[in-house]
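# Chain and residue survey
Residue strings, one per chain:
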Amino acid sequence: MAPGGGDVNLFAEAIAYLLDPASWTGAGSIGLRILEHLAFSGAVLLVAAAIGVPAGVLIGHTGRGRGLVIALTSGARAIPTLGLLTIFGLLLGIGIEAPFLALVVLALPPVLAGAYAGVESVDRLVIGGARAIGMTERQILTGVELPLASPVLIGGLRSAALQVISTATLAAYISDTGLGRLIFAGLKTRDYGVMLAGSLLVALLALVVELLFQAAQSAASRRAEPISTPRTTGRARASERNP
Amino acid sequence: MIEFASVRKEYPGGSVAVEDFSLTIPSHAVAVLVGSSGCGKTTLLRMVNRMVDPSSGTVSIDGVDVRSMDPVKLRRSIGYVLQAGGLLPHRTIADNVATVPVLEGRSRRQARKDALGLLERVGLDTALADRYPAQLSGGQQQRVGVARALAADPNILLMDEPFGAVDPIVRDQLQTEMRSLQAELGKTIVFVTHDIDEAFALGDEVLVLRKGAEIAQRGTPAEILANPADEFVASFVGAGSARRTLRIREVGGRSVVVDGDDRPTGVLAR
Amino acid sequence: MNWLSQNLHIVGALLVDHLVLSIVPIALAILVSVPLGWLAARYRRARTPLLTGTGLLYAIPSLPLFIIVAPLIGVPVRSPVTIVVALTLYGVALLVRGAADAFGSVPRETMLAADAMGHAAWARFWRVELPLAGPVLLSSLRVVVVSTVSLVTVGAVVGASSLGTLFTDGFQRGIEASILTGLVLTVVVAFALDAIVVLAGRLAMPWRRAVAT
């Protein structure tokens, strides 16, 4: 594959493939693959958020179980995603369940860590003040803790989203789904142009998602810290992820 | 009237913050609980608005046991001022002051309008209304904290070391203003501090507390200065120190008051 | 266990490949990132493009990055060079920010004091800035070490041999023991290299225990 020399041609080939109307029609069209990839990643993220956000908020709120979160996030970084995918694939078969489950497992730690760290970073004095003037626990949660925690919380979702998009690509190795299929199809037929086309699409998709989350995060920062300069957006993410 | 009847507070794990405390604070009076950190004074304060419930004994307001009241309603009916204000950093000054009235169902517009009046009352320029807490000085934040506590027009104000985080000059100023505010409003105030001078400056009645919130002495500032009950109180108020033992020297026909080191501190008024 | 004892020599060879593919990019990433991070910390104008650029680079998933990098440098995608270059890029993406934070955390007064004592710029970097930036630098290096070791395995799907080969082989041939061996060994390698970094940090900075991540 990709012999030295005519390498620029490979990019030309990839772009030609992407621009070819034939690639965008039929059962295995690029548009369909993109939708598949997005829907799959979105569903994983939703499930991970539905579990991880409430759990993380609870841990940050009560301070109980923080050791677990820290161990989980640093441990999760060491676990190779491909290993997790293949073992789930062997155990659960070639359906979509194996990659789905593996991805939820991978997405949980950053979501949990973001929610936990966000809520924990809220000044105790501010919460005490809110309670002292008679805000109910629910009002404290929704009116004080969540808005103030949101930049870090969204940072965790952002790490998880990138992790999921990345690993969803690998998931095509064990289950026929998403943009990874272009890559593995190209690999099988020794068509580097198609592999490259798939790779460029995934990279583009990841960048778009990254930029969207960045925007959401700085909007949340402006709300949580209206006058200071926006929080350095990379902080929450430095802690977790393994593309 | 606030009444503590044999209250005791033991935290899980066995540490006892309050051993056995009884006290009646008459309406419209300022009672100052003073003691070093960890003596249980803040715990006592928080029992009044049920941030802490006593392990045994009762706290009652105008004869009603606070435990029979809903904590959230109780807290909204009592003003609470914390150190450094405890303001919500993501809301403007006016919104901070308007928080409780809005929670109580008043229109945001009306609450914000009332907030401006309160800001003036505590000596703040209403131009600050749309700023955020982090844009204000410590002293200004503290004033906002007081304005917020007054927003629901409570009869009772609880103040937890409210001026502890500001520098001495601003603290003096805030104390003076608080005295004139109280002369005007006549709230029942429970004030917690570790600073005996602040206690003497503000309290109608001062309670010097030892560990476990045991009352070492209770009295007006003058009574405590004149006759410290024991060694502990004497050393806490600094009785016998140069600063507390003043004498008069005649200079140029005026009576100058000097301290134990002969440093002049003022003249007797004519 | 039976599978492992029969395949010990293969596993050993893959382990060596894995170590090489991990350690080389980590070392290269340090060499590139420390100066870049210093620039980002000291020059406002360098900061935004450097941090934005590396941040976006980090967003690109690993498998696509391998495939994009290979034709750019003119080597086959399965070549160790591809893996090393791509993982170095990831390491740089993470470490530049860490290094920028680390050098940014050195108090200005300390640097002024160093100047006042007569340190030349070069001496100030080696004797004052780098040691003081050390703990923060070390904590982001630990993240890089652990994630690099894990990422190396992805190369197996394009044929670059590493412990990841145990995943692809194990999956193709339906051998769970192979995948489990790969999982355990990858995690062990990650924690072992992490421990070495922490230990080296303690030896190099005896005045301070490493900042935990």
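Look up: the structure comes first, before these words.
Below is a summary of the structure that appears in this document. (Residues numbered from 1 in each chain as written. Chains lettered and ligands numbered in written order. Predicted model: local features only at pLDDT ≥ 70, side-chain atom pairs only at ≥ 80, totals over all residues. Heavy atoms only, no water.)

All names here are of chain B. Here the phi dihedral of D153 falls at roughly 50°; this positive angle occurs in a residue that is not glycine. Of note, D153 is situated in the loop between α5 (138-150) and β7 (156-160). The exposed category is assigned to D153, whose relative accessible area is 57%. Phi is positive for E161, which is not a glycine, with a value near 45°. (Helix = DSSP H or I, 4+ residues; strand = E, 2+ residues; numbered from the N terminus. Buried < 20%, exposed > 50% of the residue type's maximum accessible area, 1.4 Å probe, protein only.)

It is worth spelling out the interface of chain C and chain A at this point. Each side of the interface is counted separately: chain C has 48 residues, and chain A has 48 residues. A combined buried area of about 4,000 Å² lies between chain C and chain A, and 75% of that area is made up of carbon and sulfur atoms. At the junction of chain C and chain A, the tally comes to zero salt bridges. For the interface between chain C and chain A, the tally reads two residue pairs in polar contact (both at pLDDT 80 or more). (Contact = heavy atoms within 4.5 Å. Buried area = accessible area lost by both parts, 1.4 Å probe. Salt bridge = Lys/Arg side-chain N within 4 Å of Asp/Glu carboxyl O. Polar contact = N/O pair within 3.5 Å; in protein donor to acceptor, adjacent residues only side chain to side chain.)

Within the secondary structure, V206 of chain B is located in strand β9 (residues 205-210). In the structure, V206 of chain B is positioned 15 residues away from F191 of chain B in sequence and 9.5 Å away in space, judged by C-alpha atoms.

All names here are of chain B. The three strands lie next to each other as β11-β12-β13, forming an open sheet whose pairing is antiparallel. Edge strands, defined here as strands with exactly one partner in the open sheet, are β11 (247-251) and β13 (264-267). Here the average twist between neighbouring strands, direction ignored, is 35°. (Pairing = 2+ DSSP bridges. Axes fitted to C-alpha atoms, helices over the stretch in contact; angles between N-to-C directions.)

Residues and elements named next belong to chain C. With 25 residues, helix α5 (residues 80-104) should reach 36 Å at 1.5 Å per residue; the first-to-last C-alpha distance of 35 Å fits that figure. If you look at α5, its biggest bend is around 25°, right at L95. With respect to burial, α5 is a largely interior element, 19 of its 25 residues being buried. The backbone nitrogen of V81 lies 2.9 Å from a side-chain oxygen of the residue at the head of α5, namely S79. (Expected span 1.5 Å × (residues − 1). Bend = angle between axes of the 7 residues up to and from the residue.)

Once that is clear, we can look at the interface of chain B and chain A. By a widespread convention, an interface's size corresponds to the accessible area lost as its parts come together. Every contact between the two is made by 22 residues of chain B and, on the other side, 20 residues of chain A. Where chain B meets chain A, there are zero salt bridges. Here chain B and chain A share four residue pairs in polar contact (both at pLDDT 80 or more) between them. Contributing elements (two or more residues each) for the side of chain B that touches chain A: α2 (71-76) and α3 (93-103) of chain B. A per-class count over the side of chain B that touches chain A returns 12 nonpolar, six polar and four charged. (Nonpolar A, V, L, I, M, F, W, Y, C, P; charged D, E, K, R; others polar.)

Turning our attention to the pairing of strand β10 (residues 214-219) of chain B. One ladder, built from five bridges, connects β9 of chain B with β10 of chain B; its direction is antiparallel. Across the sheet, residue R210 of chain B finds its bridge partner in β10 of chain B, namely E214 of chain B.

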